[in-house]
Structure formats: structure tokens, C-alpha cells
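Below are the chains, spelled out letter by letter.
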Amino acid sequence: MSALSALLVRDVRVALRVGGGALAGVLFFLAVVVLIPFAFGPDLALLQRVGSAILWLGALLASLLGLDRLLADDHADGSLDLLLMGRAPLELVVAMKALAHWLTTGLPLVIAAPVLGLLLNLDLDAMAVVTLTLAIGTPALTFIGLIGAALAAALRRGGLLLPVLVLPLTIPVLIFGVAAANAAVVGPMPVATPLTILCALTLVSAVIGTFAAAATLRHGME
Amino acid sequence: MPLIDLANPTRFLALTARVLPWLIGLTVVTFVGGLYLAFFVAPDDYQQGATVKIMFIHVPNAWLSMFVWGLMSVAALGTLVWRHPLADVAAKCAAPLGAAFTFLALVTGSLWGRPMWGTYWVWDARLTSVLVLFLMYLALIALWRTVDDPSRAGRAAAILTLVGAINLPIIKFSVDWWNTLHQPASIMRLGGPSIHWTIQIPLWAMTIAFTLLFLALHLAAMRNELMRRRVRTLRLLQAQGARV
């Protein structure tokens, strides 16, 4: 277990130090949210209605942005090969890497969400619910992205291919994330239903993502 | 003949060379029969009029869009678990065909939707999930095309195919929950089909015809791919020989 926690600490440190992508994701999130009123016009009532959806969309795009770094850097400098040969189970290794990635790129998005909610005229309740759904949902995005990152690392091709592979798989997370956020603010249905499904999606993608990524790395690297 | 015998590409090529003409002939015969039944036997719908004929193209394509992903999933297992040498050839050749059938299902559905629902496109659950299926086909093709080494690309694509196979029901179910307008299943359902036999029999005929068409195209594409790989190997050998 100590190997895994050491890996977690290392990954978080690498991400936070020079060249880390943590801040870039939040800046991108901010840029997307700032762009929206320019496109829709500064209609506060409209922004309030679509605000939670915009926050989800922005977070989804921002979390795609950093996926390249999840495994590519380790692959480039050879430490991924060491991890592959190590004694720790590969599934747990990639899970730890995904967790570190979420802590440094997903969590900042969750923390930034309430602030950006102000720009979109969300009231306090809506802000709290969107932040909660993002906190539950963004790990799912990271774990789904893990599959794409593993494919990109195994094939030595990242770039545009990665978002193309990952985006269709994230649709359910987006649907239930926004549904839960909207249900709390306006919707007739109880929040609990979409929220529990969102939790389930996160758990399922944690399992599928880690196993598929580990299988990709095992089969793809030689 | 057991599946393992087909692992030898030469034997596969020899067998398919014999089977393919018969398969093509059978496809043509079924198409002629199916189209005759569809256009001259099946009555017009009392509400939809002649536009109901679109169904005989639309439903087989929609069926194939899912059948092909299923076939690719089996091929993906073949690549990853049994390491069958032809499995990734089968998977690679099925992807563009599956994308084409999915695209046709979307287009015919859209053309049918215009007179019936009054619009070419609605963000309805069934349409949206088929659209996502189409996107996933395209992503898979993009993955195949970015990597030049076939076996490496094959294993990566196999994993993406299997992940997609797990995800498609989830996507289906999530968009179902999101919004729905498309009619529910009317053939494969408990309590028997809800379609009259004069329409059902032509529908089955057309479905079989389209499935045979897919199989014929798939086998032909697999033969081409095998030959393409041979050419590639020969070229590589030639290049190595030239260097030494």
C-alpha cells in the first residue's frame, strides 16, 4: 500500500509544481463561462435558467483538457514502464494516478464552480447543488478519460483523438449531472433519483475505467 | 469447420472465395423478394400512407447498426482473449460498414420523421442514442486510422469496442430517461409482435436481405484487408532487404 500512496503523493506534487496543469483547467473553465454571456447576450434570467448546464459543460470540457497529461508524461520519461513492471497491481496504480489527476484538476473545478455560478446569476441553492453534483460527477469524467489517456499512451497518439474517443462516453454523466442540478432548482422530480444515478455512474466508471485502462496498457505496451 | 481452422488466412481466403459468390447471389435473391413483398404485397398504412414503406429500409439498417457493434464486440473478445488472428481483421472491416448502416438508419429515420412528426430531427431518446452510436463508430474508425501497426491498433480498438458495448446500454438508458418520443419496440416484445403479418413478413425479408448484404460486404472487405496486409508485409520485407 505504501507504494500506492507514494505514487499518489508524487503525482500530486508533480502536478502542483512547475508546468502542472491544475491552474490551466480552471482558467479554461473561467474562459468558457465568460464566453457564454457574449454568445447568449447578458440576459440574467436566461443565464440563471441555463447556468447549471453551462457550468457542467464547462467543467466537462475543462476536464478533457488535462487528460493528455494523465499518462503521457510518465510514458514519455519512461516511468510508466517502471510502474508496469512494478509489483503493485496495475489496476490500482492507474486508479491512483486517476485519483491524483482528479485532486489536481477536477477538484479545482469543483471549488471554482460556485464563484463562476455568481457570473451566471445562480442563486445560493442552485450553486450548492451544482457544486455537489460536480463533486460527485467529475471523478466519473476522470475515470472515463483514463481509458482515453491509456489508449493515447499505448498508441503514442494523443491530440485530437483523445476527446473524440472520450466525449461520447461522457454523455450519461452530463445528462444526470445536469438533471440533478436542475431538479433541485426548478424540476418537478426529486433530486434523489438523478443524484443516486450519478453516484452509480461514478462508481461504475471507476471500475470500468481502471480495468479497461490497465488492460490497454498491458496489451498496448511492449 | 471449427473456427480455429480459419486462423490460417490462406485457408480463409480459399473458403471465402468459394462462399462469397453464393452469398452474393442469395443476397440479390432475398433483396428482389423482399422488395417485391415490400412494394406490392404490403398494404399502405391507413394513417401513414405510402411513407410506411420507409420502414422496410429503416428497420433493417437500425437492426444492423446494433448487430455490427455486437459482432465487433465478439471479435474484440476474439482479439483479446483467444488471440484469433482474423478477429481484428473482422473488427476493422466491420466498423465502416456499421457506421454506414447507422448513418442510413439515421437518414431514413429523418426522412420518415419529416412527414410523420413534422420535423427532420428531434432530440428524442432513440434518435439521440443512435446518433451517439454513430459518433462511437466514427471514433473507432478514427482510432483504427491513426495507428499504422495493425495488431497494436487491433488491441486498442478491441478495448474501446468492449467499453462501448458496456456503455451503449447506459447511454441508451440515460437518454431514454432524458426525453422520449420514438415508439417503443413493436416486434421483439412480450406478448407477440404488434404488427400485422402483411407488413411483418416483408419486414423480416428485408431484414434478412440487409443482414446478408452486410455479411457479403464484410467477407469481401476482410479479403481485401488480408490482401492489403500481405502487400504491407511484402513491402516491409522488400524495404528491409533493400537496406541490407
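From a predicted model like this one, the values you see are computed outputs, not experimental measurements.

Thoughts on the nonpolar core
Judged by nonpolar contacts, the single largest core of 139 residues is most densely connected at L146 and A150 of chain A together with A91 and A94 of chain B. Per-element tally for this core: the top contributor is helix α7 (residues 124–155) of chain A, with 19 residues. The residues touching A91 of chain B, leaving out its near neighbours within four places in the chain, are M72, A75, A76, T79, G154, A157, A158 and T161 of chain B.

Digging into the packing of α7 of chain A against helix α5 (residues 150–178) of chain B
Relative to each other, α7 of chain A and α5 of chain B sit at 170°, their axes nearing to 10 Å. On the basis of their axis angle, the class for α7 of chain A and α5 of chain B is roughly antiparallel. Residues I147, L151, A154 and L155 of chain A of α7 of chain A form the contact with α5 of chain B, whose participating residues are R152, A156, L160 and V163 of chain B. Among the residues forming the contact of α7 of chain A with α5 of chain B, the class breakdown is seven nonpolar, no polar and one charged.

Considering the environment of L146 of chain A
You can see L146 of chain A is positioned in helix α7. Leave out the neighbours within four places in its chain, and L146 of chain A touches L70, V94, A98, G209, T210 and A213 of chain A.

Description of helix α3 (residues 44–65) of chain A
The axis of α3 of chain A is deflected most strongly, by about 55°, at V50 of chain A. Those residues of α3 of chain A lying buried are G51, S52, I54, L55, W56, G58, A59, L60, A62 and S63 of chain A.

Remarks on the interface of chain B and chain A
Accessible area lost on assembly of the parts is the figure often given for the size of an interface. If you look at the interface, chain B gives 22 residues, while chain A gives 20 residues. Going through the elements one at a time, α4 (125–146) and α5 of chain B are the ones with two or more residues in the side of chain B that touches chain A. Among the elements that make up the side of chain B that touches chain A, the one with the highest residue count is α5 of chain B (13 residues). Tallied by class, the residues present in the side of chain B that touches chain A amount to 17 nonpolar, three polar and two charged.

A few points about the packing of α7 of chain A against helix α9 (residues 171–185) of chain A
Residue and element names in this part refer to chain A. One can describe the packing of α7 onto α9 by two numbers: an axis separation of 9 Å at closest approach and a directional angle of 165°. On the basis of their axis angle, the class for α7 and α9 is roughly antiparallel. Like other packed secondary-structure pairs, α7 and α9 cross with a definite hand, here right-handed. For the pair α7 and α9, the contacting residues are D125, A126, V129, V130, T133, G137, A140 and L141 in the first and V173, G177, A180, A181, A184 and V185 in the second. For the contact of α7 with α9, a count of residues per class yields 10 nonpolar, three polar and one charged.

Details of unusual backbone geometry
Phi at N121 of chain A takes a positive value of approximately 65°, unusual for a residue other than glycine. Following the sequence through the fold, N121 of chain A ends up in the loop between α6 (90–119) and α7. For R83 of chain B, which is not glycine, the phi dihedral falls at a positive 55°. Within the fold, R83 of chain B resides in the loop between α2 (55–82) and α3 (87–117). Overall, R83 of chain B belongs to the exposed group, with 12 C-beta atoms counted inside 10 Å.

Conventions and cut-offs
Residues numbered from 1 in each chain as written. Chains lettered and ligands numbered in written order. Predicted model: local features only at pLDDT ≥ 70, side-chain atom pairs only at ≥ 80, totals over all residues. Core = buried A, V, L, I, M, F, W, Y, C linked by C-beta atoms within 7 Å. Buried ≥ 20, exposed ≤ 12 C-beta atoms within 10 Å, placed from the backbone. Helix = DSSP H or I, 4+ residues; strand = E, 2+ residues; numbered from the N terminus. Contact = placed C-beta atoms within 7 Å. Axes fitted to C-alpha atoms, helices over the stretch in contact; angles between N-to-C directions. Parallel < 35°, antiparallel > 145°, perpendicular 65-115°, else oblique. Nonpolar A, V, L, I, M, F, W, Y, C, P; charged D, E, K, R; others polar. Bend = angle between axes of the 7 residues up to and from the residue. Left-handed = near helix turned anticlockwise from the far one by under 90°.

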